[in-house]
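Fold and geometry: a report
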Amino acid sequence: MKKLSLLLWVTTTAFAGEPTFERQTTLRNQLNHDCGACHGLTLKGGLGPSLLPEALADKPDEFLISTILEGRKGTAMPPWQPFMSHDEAAWLLGILRASSHK
Amino acid sequence: MKKTLALLALLLSFNALADLRATGDLGIVIEREDGNALIINTTEHKRLAKIEKLGDLSHASVVFSRDQRYAYIFGRDGGLSKIDMLKDSIDKRIIQAGNSIGGAISQDGKLIAVSNYTPGGIKVFSSDTLELVADIPSSYGDGLRSKVVGLVDAPGQRFVFSLFDAGEIWVTDLTNTKTPVIKKFPNIGKQPYDGLITPDGHFYIAGLFGEPGLALLDLWNVDSGVKRILSDYGKDDEKLPVYKMPHLEGWAIAGNYVFAPAIGQHKVLVIDKNTWELHDTITVVGQPVFVMARPDARQIWVNFAFPDNHQLQIIDVKDLSLRKTLTPGKAVLHMEFTPRGEQVWVAVRDDNQVVVYDTETLQEITRLPAKQPNGIFFSSRAHKIGL
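What comes next concerns the included structure. (Residues numbered from 1 in each chain as written. Chains lettered and ligands numbered in written order. Predicted model: local features only at pLDDT ≥ 70, side-chain atom pairs only at ≥ 80, totals over all residues. Heavy atoms only, no water.)

Examining the overall build of chain A
Assigned secondary structure in chain A consists of 5 helices and 0 strands. Ordered by position from N to C terminus, the α and β elements of chain A give α-α-α-α-α. Split into buried and exposed, the 102 residues of chain A put 36% on the buried side. For chain A, contacts bridging at least 24 residues in sequence account for 51% of all contacts bridging at least 6. (Helix = DSSP H or I, 4+ residues; strand = E, 2+ residues; numbered from the N terminus. Buried < 20%, exposed > 50% of the residue type's maximum accessible area, 1.4 Å probe, protein only. Contact = heavy atoms within 4.5 Å.)

What follows is the structure, given as structure tokens:
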């Protein structure tokens, strides 16, 4: 029983972390256009660095999520916190790591 | 038989007349995601043709041959496409680098230069054949190559550009393409992100992202070096986040004033062109991206970075006041004035439309469909220095 409730808890959090379909569309659009403005439409890099899986491979999730949310001081990377939640940033990172942004 | 021939000749000449097309009032609208270019007629507000398969056209830019027949489109993926606006076709197309940002056409119209991020540098091609005639790597430090930004043509068959990573401005003279003469200006400031040349070809200005101010080079006196201007402006203020880098092309020169986007502040800077000091600032609704003067310089039109990019603001130069805020639609990315400025075309990406305004009444005239348009370029650019 304990196991079941744990399982339930895990699935509910996973569910809570997944943005609604509408938000996913908005976030994907933002990734293409707003992120793409500096990182390139194909995300291989522009003024900003490449966001392709191999470029992100050695960087931990929390570091990248906080970069998305808080920006990076001393660079042109702005904080996206006003426009997305922690879960949504994590979801976007998943898309980048899986290279399924198209 | 003679009669039939004469009739045939007559018919043929009619046919030829029907096919005639002038190109002085044509333009190119870039469809970002699909990688298409639309050829449009600015007098008739008409789409004439769609040229497909031009690669990654996010952040594409266009220059025109001096006969206004050909449009050269620079893609982000290093693609350089020469479009024939008489035949609605691709005349030539090459992939010249891995990651590029823009280009320019030389004073005599014979050379096309492209600025590249990877591998960093500029490459120069024959505008006729697109064959490589010069390769200038942006080398600096210990074997490094910088991303190149702010490439423009300048009088004297020169190209001027900035090195984002190195903080340098280079002036290259390509009078002899076999032996380009390069003059380098180091230490111009941190992270020049774009550059422009004044419409008279006299001054080159690079905007700095890494520190306050701008770098100014007097092209009449290059030996006097680069001067820093406005370096005190905003240096103690908290910077607002910048969700899209401003563009300096089309920086507005109006009489004694230069209008420029502030960085990290929702303001347009008004700079005195005689002293290069700040004359005034105008508060606007967001981070300005393009700050462009109507050709007669009576109005300045400003668009904005996300999340304020559904708006356009118009400044009246007469008294430096805000005249109106327009809301053309979602994601207003670019605008282009007709040659004498009675109309302006506006690219509204997320609404898949190009909106045409009357600049006097500020009323909408018409809308044309375009899939995610991100750039509008009219053939009248062919005869302007720096465009």
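Some words on the environment of Gly 45 of chain A
With respect to the helices and strands, the residue Gly 45 of chain A is situated in the loop between α2 (21-39) and α3 (53-56). For Gly 45 of chain A, a relative accessible area of 5% puts it in the buried group. Residues contacting Gly 45 of chain A, with those up to four places away along its chain left out, are Cys 38, His 39, Gly 40 and Ser 50 of chain A together with Arg 76 and Asn 99 of chain B.

Digging into the nonpolar core
Generally speaking, nonpolar side chains in soluble globular proteins are found buried as a group. In terms of nonpolar packing, the biggest core is built from 25 residues, with Ile 271 and Trp 276 of chain B touching the most fellow members. Setting aside its immediate chain neighbours within four residues, Trp 276 of chain B contacts Phe 203, Ile 205, Leu 216, Ile 229, Leu 230, Val 258 and Ile 271 of chain B. By size, the runner-up hydrophobic cluster in this structure holds 20 residues, among which are Leu 27, Leu 43 and Leu 93 of chain A together with Phe 306 of chain B. (Core = buried A, V, L, I, M, F, W, Y, C linked by side-chain atoms within 4.5 Å.)

Details of the sheet that holds strand β4 (residues 61-64) of chain B
Backbone-to-backbone hydrogen bonds pair the strands of a sheet. The strands run either parallel or antiparallel. All names here are of chain B. Read across the sheet, 4 strands follow the order β4-β5-β6-β7 without closing on themselves; strand pairing throughout is antiparallel. The open sheet has two free edges, formed respectively by β4 and β7 (89-95), since each of these has just one partner strand. Ignoring strand direction, the axes of neighbouring strands in this sheet form an average angle of 20°. Where β4 meets strand β5 (residues 70-74), 4 bridges bridge the pair, whose relative direction is antiparallel. In the sheet register, Phe 64 faces β5, and the bridge partner there is Ala 71. (Pairing = 2+ DSSP bridges. Axes fitted to C-alpha atoms, helices over the stretch in contact; angles between N-to-C directions.)

Concerning the interface of chain B and chain A
Of the residues lining the interface, 22 residues belong to chain B; the matching set on chain A comes to 23 residues. Contact between chain B and chain A buries roughly 1900 Å² in total, counting both sides, with carbon and sulfur atoms accounting for 54%. Applying the counting criterion to the chain B and chain A interface returns 0 salt bridges. In this structure, the connection of chain B to chain A is made through 6 residue pairs in polar contact (both at pLDDT 80 or more). Class assignment of the residues belonging to the side of chain B that touches chain A gives a composition of 10 nonpolar, 4 polar and 8 charged. (Buried area = accessible area lost by both parts, 1.4 Å probe. Salt bridge = Lys/Arg side-chain N within 4 Å of Asp/Glu carboxyl O. Polar contact = N/O pair within 3.5 Å; in protein donor to acceptor, adjacent residues only side chain to side chain. Nonpolar A, V, L, I, M, F, W, Y, C, P; charged D, E, K, R; others polar.)

Comments concerning the pairing of strand β6 (residues 79-84) of chain B
Residue and element names in this part refer to chain B. Most of β6 is tucked away: 6 of the 6 residues are buried. Side chains of β6 alternate between two faces, with Gly 79, Ser 81 and Ile 83 and Leu 80, Lys 82 and Asp 84 buried alike. Summarising the sheet, β5 and β6 pair through 5 bridges and their orientation is antiparallel. Bridging across to β6, Phe 74 finds its partner in Leu 80. Count of turn residues in the β5/β6 antiparallel hairpin: 4 residues, of which Gly 78 carries a positive phi of about 85°.

Structural notes on unusual backbone geometry
As a rule of thumb, non-glycine residues mostly have phi less than zero, and peptide bonds are mostly trans rather than cis. Residue and element names in this part refer to chain B. With an omega dihedral of -10°, the bond running from Thr 118 to Pro 119 counts as a cis peptide bond. Cis geometry marks the peptide bond from Phe 306 to Pro 307; its omega dihedral reads 0°. The backbone phi angle of Gln 68 is positive, close to 60°, even though this residue is not glycine. If you trace the backbone, Gln 68 turns up in the loop between β4 and β5.

A look at the environment of Pro 288 of chain B
All names here are of chain B. Along the polypeptide, Pro 288 turns up in strand β26 (residues 288-293). C-alpha of Pro 288 to C-alpha of Leu 151: the two residues are 137 residues apart in sequence and 21 Å apart in space. Filtering out sequence-adjacent residues up to four positions away, Pro 288 remains in contact with Pro 246, Pro 261, Ala 262, Gln 265, Lys 267, Val 268, Val 302, Asn 303 and Phe 304.

Here we look at helix α4 (residues 61-70) of chain A
Residue and element names in this part refer to chain A. The set of residues buried in α4 consists of Leu 64, Ile 65, Thr 67, Ile 68 and Leu 69. Against α3 and α5 (86-97) lie the buried residues of α4. Downstream of α4 by one or two residues, Gly 71 has phi in the positive range, about 75°.

Thoughts on α5 of chain A
Here α5 of chain A spans 16 Å end to end across 12 residues, near enough to the 16 Å set by a 1.5 Å rise per residue. Two residues or fewer past α5 of chain A, Ser 99 of chain A is found with a positive phi of approximately 55°. (Expected span 1.5 Å × (residues − 1).)

Quick look at the pattern of salt bridges
Residue and element names in this part refer to chain B. Within this structure, the stated rule accounts for 18 salt bridges over all chains. Measuring nitrogen to oxygen at the nearest pair gives 3.4 Å for the salt bridge that ties Asp 91 to Lys 92. Note on Asp 91: relative accessible area 31%, which makes it partly exposed. On the basis of relative accessible area, Lys 92 is assigned to the partly exposed category, the value being 32%. The structure contains a network of salt bridges with shared partners spanning Lys 82, Asp 91 and Lys 92.

That's the geometry; what it means functionally is another story.
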